[in-house]
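Here is how the chains run, residue by residue.
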Amino acid sequence: MQTLGIDLGSSAIKLSIFDASIDKGIASSIFPKKELPIHAKKPGWAEQNPETWWQIFKSALKQMAQEGTDLTAIEAIGISYQMHGLVIVDKEKKVLRPSIIWCDSRAVEIGEKAFQDLGRVKALSKLLNSPANFTASKLAWVKENEPSVFKDIHKVMLPGDYLVMKLTGHITTTACALSEGIMWDFESNALSTDVLDVFGFDEKIIPEIVPPIGSALKIDEAVALELGLDKSVNICYRAGDQPNNAFSLRTLNPGEVAATAGTSGVIYAVTEKQICDIKSRINTFMHVNSSKSNPRNGILICVNGTGILYSWLKKLLNAGNGSLDYDTMNARVESVKPGSDGLICIPFGNGAERMFENNVLGSHFLNLDFNRHSDPHMLRAAIEGVVYALNFGLEILKDLQVPITTIRAGNANLFLSKSFREIFVNVTGCKLELYDTNGALGAARGAALGAGYYKAIDDAFDKLELIDHIIPDAELSNHYRILFKEWKTTIERRSF
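Structural notes, computed from the coordinates. (Residues numbered from 1 in each chain as written. Predicted model: local features only at pLDDT ≥ 70, side-chain atom pairs only at ≥ 80, totals over all residues. Heavy atoms only, no water.)

A few points about the packing of aromatic side chains
Phase 1: Per the counting criterion, the structure on display carries 20 aromatic pairs.
Phase 2: Ring plane angle 55° and centroid distance 6.2 Å describe the contact between F348 and W487, whose orientation is recorded as tilted. A residue pair is termed long-range when its members are at least 10 positions apart, and F348 in strand β19 (residues 344-348) and W487 in helix α16 (residues 474-493) qualify at 139 residues.
Phase 3: According to the relative accessible area criterion, F348 is buried, its value standing at 0%.
Phase 4: For W487, a relative accessible area of 1% corresponds to the buried category.
Phase 5: Through a chain of ring-to-ring contacts, the aromatic side chains of F348, F356, Y388, F392, F484 and W487 assemble into a single cluster.
Phase 6: Positioned over the ring face of W141 is R106, at 4.5 Å from the centre of the ring. (Phe/Tyr/Trp six-rings, centres within 6.5 Å; stacked < 30°, edge-to-face > 60°. Helix = DSSP H or I, 4+ residues; strand = E, 2+ residues; numbered from the N terminus. Buried < 20%, exposed > 50% of the residue type's maximum accessible area, 1.4 Å probe, protein only. Lys NZ or Arg CZ within 6 Å of the ring centre and 35° of its normal.)

Here it is, written out as structure tokens:
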């Protein structure tokens, strides 16, 4: 069985075709080659046009066909998508405005007011999160600031739901997606009427809820013909990028932990409990394999400015001849000793940070010395700062009694860097298991599971390949513990 995995990120769309009979990816595509821009008309805003996502997806699929891939062999599709974004359409399924994506901070105050109106204790006990600047609060911002747009809304979706609509013609969502948007009541295991009431939303704008795995929504015949796919193809799997990353790494049961370092950086721990943080610095969402009889939630910490910081530096340092690529950047990092010769990076330059109670800290380089520091120091300081930020969040998880000793990651994004992996294990003190997978492959594997190729979820991971197993070095860990303490003190004092 061959399945297509679609990974709708904020920097690109990645596709993978997975052949379940040999348990391998057999084709892939990334489009565009240059990172997709995030539009910020005002400070703290972040928007992308959903129609652009659709056109990019078609271009990526066309690229596969031009390289000789037989698209008609695809039997099912799985979708991974950037979480928390807002997509709104009218009755004709026309997008009414650009998507307000995950790192947009404009709705923070609206979410905080709703948090108070709902009652902090009640909100956390039922939603496991504050509304913050998640999807429901973004929709409330539209209601408050763009009433002419709001009145034309037929349905509200997350980015993955939009792709499913374009492929099938049907507007649907999942309970997992609603939990990501802070519209799910974990206590009653249903759509949150409290959230609908506090924001004044009509339940009619919420799509039909379908399972994330096995929903089997058939592709529209005209769309199949346009894309070169067989008309019998079903969409059988859908998950936000972080639950999907965890799924991709066989992180499915309590005590298992996954990490990713794409545009944002996340540590994601699976639990059967309904855990929340009184300061709302962490997020708890429904995991993709959750069920009434076997509940599973994902507790995560997120650093918004992770891969996007590295991408920003790439653009900045390429201002001359444009020859710098990520492999070269990673090699330059290795030329600098741990600690970056005193240069410190604060990586929070991509909107409000949940770990800091939705404050905007911004990104900063500290102790820059023009006579000592050059671009390799900036690059190493950047990835050290990212890991320090992830470890800051990891400490919050540990304070909540979340056990973490081993972390799984895919061989993608910043984890492709040897230096990043080394810094990660020695700062966190955790073992790292590196697997040969990525988000698009995970979504494709999920499609094979949803289509019934695998009889049980564990069967889908029998041949998942472990590439490397990295353990902390005692001496280096001690050195990084001192460096992290200095970085943390700088953060806590806001001395930047």
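What follows picks up the thread again.
Quick word on the sheet that holds strand β2 (residues 13-19)
Phase 1: One open sheet holds the six strands; their spatial order is β3-β2-β1-β5-β14-β13, and the pairing between them is mixed. In this open sheet, the two edge strands, each paired with only one partner strand, are β3 (24-31) and β13 (213-218). Adjacent strand axes in the sheet meet at a mean angle of 25° when their direction is disregarded.
Phase 2: As paired strands, β13 and strand β14 (residues 234-240) are joined by three bridges and run antiparallel to one another. Looking across to β14, one finds that K218 is bridged to N234. (Pairing = 2+ DSSP bridges. Axes fitted to C-alpha atoms, helices over the stretch in contact; angles between N-to-C directions.)

Focus: the nonpolar core
Phase 1: Grouped together as the largest cluster of nonpolar side chains are 70 residues, with contacts concentrated most on I88, L139, V142, F199 and F201.
Phase 2: Once residues lying within four places of it in the same chain are set aside, the contact partners of L139 are L86, I88, F150, I153, V156, F201 and I205.
Phase 3: In this structure, I275, I344, A381 and V386 belong to the second largest nonpolar core, which totals 60 residues. (Core = buried A, V, L, I, M, F, W, Y, C linked by side-chain atoms within 4.5 Å. Contact = heavy atoms within 4.5 Å.)

Considering the environment of G214
Phase 1: Within the secondary structure layout, G214 lies in strand β13.
Phase 2: Judged by its relative accessible area of 34%, G214 falls in the partly exposed class.
Phase 3: Each C-alpha atom of the pair G214 and G78 lies 9.9 Å from the other, and the pair is 136 residues apart in sequence.
Phase 4: Every residue in contact with G214, bar those within four places of it in the chain, is listed here: C236 and G450.

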